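Structure assessment
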Amino acid sequence: MALKMHGHEYFINTQQFRSKKTDRIVTKYIIYDDNPKDGIECYGKVQLLNDLVLLYKDLLYKSGDTS
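Residues numbered from 1 in each chain as written. Predicted model: local features only at pLDDT ≥ 70, side-chain atom pairs only at ≥ 80, totals over all residues. Heavy atoms only, no water.

1. Digging into the overall build of the protein chain
Helix and strand content of the protein chain: 2 helices and 3 strands. N-terminal to C-terminal, the α/β element order of the protein chain is α-β-β-β-α. Oriented by its inertia axes, the alpha-carbon framework of the protein chain measures out at about 45 × 20 × 15 Å. Sequence-distant contacts, at least 24 apart, represent 19% of the contacts inside the protein chain between residues at least 6 apart. Surface exposure of the protein chain reaches about 5,600 Å², of which carbon and sulfur atoms provide 52%. (Helix = DSSP H or I, 4+ residues; strand = E, 2+ residues; numbered from the N terminus. Contact = heavy atoms within 4.5 Å. Areas by Shrake-Rupley, 256 points an atom, 1.4 Å probe, with all protein chains shown as cover.)

2. Describing the nonpolar core
Listed in full, the 7 residues of the largest apolar core are Leu3, Tyr29, Ile31, Cys42, Leu48, Leu55 and Leu59. Looking at this core, the elements that each hand over two or more residues are strand 2 (25-32) and helix 2 (45-63). No other element matches helix 2, which puts 3 residues into this core. Apart from residues no more than four positions distant in its own chain, Leu48 is found in contact with Ile12, Tyr29, Ile31 and Cys42. (Core = buried A, V, L, I, M, F, W, Y, C linked by side-chain atoms within 4.5 Å. Buried < 20%, exposed > 50% of the residue type's maximum accessible area, 1.4 Å probe, protein only.)

3. Some words on the pattern of salt bridges
Side chains that differ in sign of charge can pair as their charged atoms come close. Taken as a whole and judged by the stated rule, the model has 2 salt bridges. With a closest N to O distance of 4.0 Å, Asp23 and Arg18 form a salt bridge. The closest approach of N and O atoms between Lys28 and Glu41, which form a salt bridge, is 3.6 Å. Placement of the pair is Lys28 in strand 2 and Glu41 in strand 3 (residues 40-42), with a sequence separation of 13 residues. Residue Lys28 is classed as buried on the basis of its relative accessible area of 12%. Residue Glu41 is classed as partly exposed on the basis of its relative accessible area, which comes to 43%. (Salt bridge = Lys/Arg side-chain N within 4 Å of Asp/Glu carboxyl O.)

4. Re the environment of His6
Checked against the element boundaries, His6 lands in the loop between helix 1 (2-5) and strand 1 (11-18). Residues His6 and Phe17, 11 residues apart in the sequence, show an inter-C-alpha distance of 34 Å. Setting aside its immediate chain neighbours within four residues, His6 contacts Tyr56, Leu59 and Leu60.

Structural data, given as structure tokens:
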């Protein structure tokens, strides 16, 4: 929501596949703005949240707002 308030809209796709090592189902999250192929890949909800926070911090740094 904070990213969207600053004029940047990101989408999150999920893909599930079976791990070759453990034979368990793995969920991959892809954060993207225009093209999913150019997105950020992450493999857990915590990493997903961390990547969104980094995108937000980068946006604040570029705009000069450090509050």
